[in-house]
Structures are given as structure tokens and as C-alpha cells.
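Reading the structure
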Amino acid sequence: MSLSTESTQLERAIIYIRDLSNCPPSYLNDPGRKEFFEIVWLKNEEPLHALQQSEFDSKGDWIYLIPPYRVHQLNKAGKNGVLISFKRSVLEGEEKEFLLDLFKIFNVQGEFSCLRLNAETADELSSIYRLIEDEYQKAGNNFIITKALLKVFLLKLIQVKEHEFTSHDVQQKRVYEFLMLLESNYQQVRNTDFYAGKIGISSKRLNQILKEKLNKTGMQIIHDRIILEAKRKIIHSEQTIKEIAYELGFSDRPYFSRFFKKQTQQTPEEFQKEARNHIESKFNTLV
């Protein structure tokens, strides 16, 4: 299949499934790819991100859940595994509870989340994936069946993610609760007292827990989330820097620019230029 044909197929696609070893450059570089949710399943591979803990062998099965309109890309070139991509339109008509759970597992702090699979879970997911792949590859595949099988796969991932957090200690659960509250409120509320009160602990205790688990204070994490959203909007929206500043709750553009530079060591304009150069050079990396 030619690259132009593959690119056209992506443009028309709602669900897109490939073995990573057979994922064409036209997909990795296609601007339309930003609209897709991506499930990247690495099999018997090292992770794509740096691990904070090294008490276990890092080689294994890893699933990355990458939301649309991400700031960075994960370099999957040459990896062993599979890719499942789908547009938000696949989710139309789904019940609210399922969508909320799905957005949570894809969007922890807004960039990507990652699951390490044990052998039993990998086997269960492999069985479901084979059914999806078989239906997807059929001539004139039935979209309703493919979509239903994809939902089963996603429900299993939600179950795995929930188990991961409920099996952690109480402090890890508080970290998760803070991140979920932050995702819904960071544009309106930017003080740790609010989040600590919602969780039922003091602001001082919340900062102690976050420092222990994430090596950052609550305010640092809030600032990180604001910067992430600012970067997303700079890359993917048609808004001006001034419009982005107001939308993110800053009273004026200079205040936003000072905040952005303090957090990133570059101005919004410098980041915008760097991002455009990065996209034009078609790098596919997590930076």
C-alpha cells in the first residue's frame, strides 16, 4: 500500500489498528493523528518513559494511554507491540459513567498514563485484541462489532487501572484523588487548600504526601497542569497567545508570559516557534 493511500485511509478512519512494526511513517507524521486516542501496547519491551522505581525488571508488557491533542509524542519506532487508535466519535452514545472512567485512565495530568501488565492480564487482553484484529481485518468489517469489541478492551483497561490504584496504600489513593480533582478544577481553583479540603486532610499533609510520592508540592503540580494546557493550546488551537492567556484565567498577556517563562525558561512565543519547528521536522519523540 502506498504512503498516500495509507494517509487517505487514516483521514477516513475512525478506528485504526496496526502492528507497531508495520506502522507506516504516514501515520506517525499525519497531522490528523492528533485527533485520535491511542493505545500503545509494548510487548516484552523496555518502557518509553523513565521509571521512578527500579525494584523490578523494566522489560515487559506496557500499555500507554495517550489522549488526543497531546503535547509530546512517544517514539514507538522499531518497538514490538500493537497500536489501537480511535476518534472520539467512536464514543458517541456511550453512557456517562463509562466516558468519565475512560477519560480518567487516558488523561491523568493530561499527557498520558501507563499500565504495566502482569502475565495474566496480558493474556486476557491478548484474547480480546485478537477478536478486534480479526474483525478489523475482514473485508467490509462490521463497524458495530469492532466498536463493541473495542469497548470490551477499554472496560478491561479501566478495571486494570482501578485495581492498580485500589491496591496501593492510602497515600497513593490520595495522590490519585488529588490528580482527578485537579483535572476538573485547575482552571478555576489554584490553591492547595481547596483540594486538601475535598480530600479531607490539611494542606500541609497533602503537600507532604505529594512530595513523598511525586517529589513535587501541590502548587508545583497545579502549575505544571496549567503549563501543559497552555502548551496544548499553543500547539493545537488557532487562538492567539493573548486569547489563551485569558482562557486560562490570567488577567493579561504579560502576566501569563511571565508565568510561562518562569515555569519553562522560555516565552510562549519561543515555545510556539520551537513546537512548529519540531512538527515540521517530523520528529516523533517524547521530549
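Residues numbered from 1 in each chain as written. Predicted model: local features only at pLDDT ≥ 70, side-chain atom pairs only at ≥ 80, totals over all residues. Heavy atoms only, no water.

There is a patch of nonpolar side chains on the surface, built from Ile-14, Phe-143 and Ile-144 and spanning about 280 Å² of accessible area. On the secondary structure map, Ile-144 appears in helix α5 (residues 143-166). (Patch = residues over 30% accessible without salt bridge, like charges linked within 9 Å, V, L, I, M, F, W, Y side chains within 5 Å. Areas by Shrake-Rupley, 256 points an atom, 1.4 Å probe, with all protein chains shown as cover. Salt bridge = Lys/Arg side-chain N within 4 Å of Asp/Glu carboxyl O. Helix = DSSP H or I, 4+ residues; strand = E, 2+ residues; numbered from the N terminus.)

As a further point, take the confidence of the model for the protein chain. Put simply, the protein chain has an average pLDDT of 82, and 80% of its residues get 70 or more. Mean pLDDT across the secondary structure elements of the protein chain bottoms out at helix α1 (residues 3-12), with 51, and peaks at helix α7 (residues 192-199), with 95. Across residues 283-287 the pLDDT falls below 50, and counting only partners more than four positions away or on other chains, this stretch makes 20 contacts in the model. (pLDDT = per-residue confidence, 0-100. Contact = heavy atoms within 4.5 Å.)

Scanning all chains against the criterion turns up twelve aromatic pairs. Between Phe-250 and Tyr-255 the ring centres are 5.3 Å apart and the planes differ by 70 degrees, which places this aromatic pair in the edge-to-face class. In this structure Phe-250 comes out as buried when scored by relative accessible area, which is 4%. For the pair Phe-250 and Phe-256, a centre-to-centre distance of 5.2 Å together with 65 degrees between the ring planes defines the contact as edge-to-face. Exposure remark for Phe-256: the relative accessible area of 1% places this residue in the buried category. Members of the aromatic cluster, each reached through a chain of ring pairs, are Phe-250, Tyr-255, Phe-256, Phe-259, Phe-260 and Phe-271. Over the aromatic face of Trp-41 sits the side chain of Lys-43, whose NZ or CZ is 4.3 Å from the ring centroid. The side chain of Lys-151 reaches across the aromatic face of Phe-98, ending 4.9 Å from its centre. (Phe/Tyr/Trp six-rings, centres within 6.5 Å; stacked < 30°, edge-to-face > 60°. Buried < 20%, exposed > 50% of the residue type's maximum accessible area, 1.4 Å probe, protein only. Lys NZ or Arg CZ within 6 Å of the ring centre and 35° of its normal.)

On to the pattern of salt bridges. This structure, assessed with the given rule, holds eleven salt bridges. Measuring nitrogen to oxygen at the nearest pair gives 2.7 Å for the salt bridge that ties Lys-151 to Glu-94. Of this pair, Lys-151 sits in helix α5 while Glu-94 is found in the loop between β4 (81-87) and α3 (96-106), placing the two residues 57 residues apart along the sequence. Of the two residues, Lys-151 and Glu-94, neither departs from the other in class, the shared state being buried. Notably, a salt bridge pairs Glu-229 with Arg-232, separated by 3.6 Å at the nearest N-O pair. Of the two residues, Glu-229 and Arg-232 are both situated in helix α9 (residues 218-236); the distance of three residues between them amounts to about one turn of the helix. Judged by its relative accessible area of 11%, Glu-229 is buried. One network of salt bridges, in which partners are shared, links Glu-183, Arg-225, Glu-229, Arg-232, Lys-233 and Glu-247.

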